[in-house]
Amino acid sequence: MADARVEIGGQEVPVSSVGTNHSLNFGRFERGEITIHRYWAMVPRRSVVLNLEAKYLRLVRELQNDDHFEPSRLSQIGYPPLEEVLLHHPAHISEIVDHLGRDLLSALFPFGAQSCYVINSIDGFETKQNGLTFRGRCFEFSNIHPNPV
């Protein structure tokens, strides 16, 4: 992703050196031998929309089906298009990140042959006019697999 930026431990790294753990153990750091780092990632708004629009529309349908049990936060603003939420309703983005944040990071930072770091949590995010920034923890892939494929 040309416009995305990633920092590991305060140092900018190539986007290709970062992948996202999309498995069930996302957010777990139980292996004692891993080295945990803090990451920061900036994702441009257009990348958020391109990568999440279809999943957002499915999420809206699911949330609308559940609204008679428990109204969602997005129902308060009438389920606007994703780009409108990003531009005009920053307080409501947390519901999208709760449901789709890992999908977004996996789409933008897929695990590949050059991945040295594995994003394994979303500990916070901020809405900016030009996109979203994420913060969290990651680990070095070599700590888990000394001979990466």
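As a convention, each chain's residues are numbered from 1 in the sequence order in which they are written. It should be noted that, the model being predicted, local features are given only for residues of pLDDT at least 70 and side-chain atom pairs only at 80 or more, the latter also being counted only at that level, while totals for whole chains, interfaces and linings use all residues. To get the side-chain values, take all heavy atoms of the structure and skip hydrogens and water.

1. Remarks on the overall build of the chain
Item 1. A run of DSSP states H or I qualifies as a helix once it reaches four residues; a run of E qualifies as a strand once it reaches two. Both are numbered from the N-terminal end. Each helix and strand counted, the chain has four helices and seven strands in total.
Item 2. Buried means the residue's accessible area, taken with a 1.4 Å probe over protein chains only, is under 20% of the maximum for its type, while exposed means over 50%, and partly exposed covers the values in between. Buried residues in the chain amount to 43% of all 149 residues.
Item 3. Pairs at least 24 apart in sequence give 70% of the contacts found in the chain among residues at least 6 apart.
Item 4. Here the Shrake-Rupley method, with its probe set to 1.4 Å, supplies the accessible areas, and only the displayed protein chains count as covering residues. When the accessible area of the chain is evaluated, it comes to approximately 8200 Å², of which 50% is carbon and sulfur surface. What makes two residues a contact is simply this: any of their non-hydrogen atoms within 4.5 Å.

2. Quick word on unusual backbone geometry
Item 1. Even without a glycine there, the phi angle at Tyr79 is positive, about 50°.
Item 2. Take Tyr79: it is sitting in the loop between helix H1 (45-66) and helix H2 (82-88).
Item 3. What makes Tyr79 buried here is its relative accessible area of 14%.

3. What to know about the confidence of the model for the chain
Item 1. Scored between 0 and 100, pLDDT is the confidence that the predictor attaches to each residue. Across the chain, the average pLDDT comes to 85, with 85% of residues at or above 70.
Item 2. Within the chain, the element-level pLDDT minimum falls on helix H4 (residues 141-144), averaging 60, and the maximum on strand E2 (residues 11-13), averaging 95.

4. With respect to the pairing of strand E4 (residues 36-44)
Item 1. Following DSSP output, two strands are said to pair if at least two bridges run between them. Direction of pairing for strand E1 (residues 5-8) relative to E4: antiparallel, over a ladder of four bridges. Within E4, the position partnered with Glu7 by the bridge is Trp40.
Item 2. Across nine bridges, E4 lies against strand E7 (residues 131-140) in antiparallel orientation. Looking at E7, one finds that His37 is bridged to Cys138.

5. Digging into the nonpolar core
Item 1. What makes a nonpolar core is a set of buried Ala, Val, Leu, Ile, Met, Phe, Trp, Tyr and Cys residues whose side-chain atoms join them at distances within 4.5 Å. The biggest cluster of nonpolar side chains holds 33 residues, and the ones touching the most others in it are Val6, Tyr39, Tyr56, Ile96, Leu104, Phe109 and Phe134.
Item 2. Going through the elements one at a time, E1, E4, H1, H2, helix H3 (93-108) and E7 are the ones with two or more residues in this core.
Item 3. Those residues in contact with Tyr39 that sit more than four places away from it in its chain are Glu7, Ile8, Leu105, Ile119, Ser121, Ile122, Phe134, Arg135, Gly136, Arg137 and Cys138.

6. Regarding the pattern of salt bridges
Item 1. In what follows, salt bridge is the name for a side-chain nitrogen of Lys or Arg lying within 4 Å of a carboxyl oxygen of Asp or Glu. For the structure on display, the rule yields nine salt bridges.
Item 2. Between Arg46 and Asp3 there is a salt bridge, and its shortest N-O distance comes to 1.5 Å. Taken together, the residues Arg46 in helix H1 and Asp3 in the segment before E1 connect sequence positions 43 residues apart.
Item 3. In this structure Arg46 comes out as exposed when scored by relative accessible area, which is 51%.

7. Focus on the side chain of Thr133
Item 1. By the element assignment, Thr133 lies in strand E7.
Item 2. Filtering out sequence-adjacent residues up to four positions away, Thr133 remains in contact with Trp40, Ala41, Met42, Gly124, Phe125, Glu126 and Lys128.

8. A closer look at the environment of Glu84
Item 1. Position of Glu84 relative to the elements: it lies in helix H2.
Item 2. C-alpha separation for the pair Glu84 and Val49, spaced 35 residues apart in sequence, amounts to 10.0 Å.

9. Brief notes about the side chain of Ser72
Item 1. As for its placement among the helices and strands, Ser72 is situated in the loop between H1 and H2.
Item 2. On the accessibility criterion, Ser72 (5% relative accessible area) is buried.
Item 3. Here a polar contact means two N or O atoms within 3.5 Å. Within protein one must be a hydrogen donor candidate and the other an acceptor candidate, and residues neighboring in sequence count only if both atoms are side-chain atoms. Within polar-contact distance, the side chain of Ser72 engages the side chain of Tyr79 at 2.8 Å.
Item 4. Those residues in contact with Ser72 that sit more than four places away from it in its chain are Leu63, Asp67, Tyr79 and Glu95.

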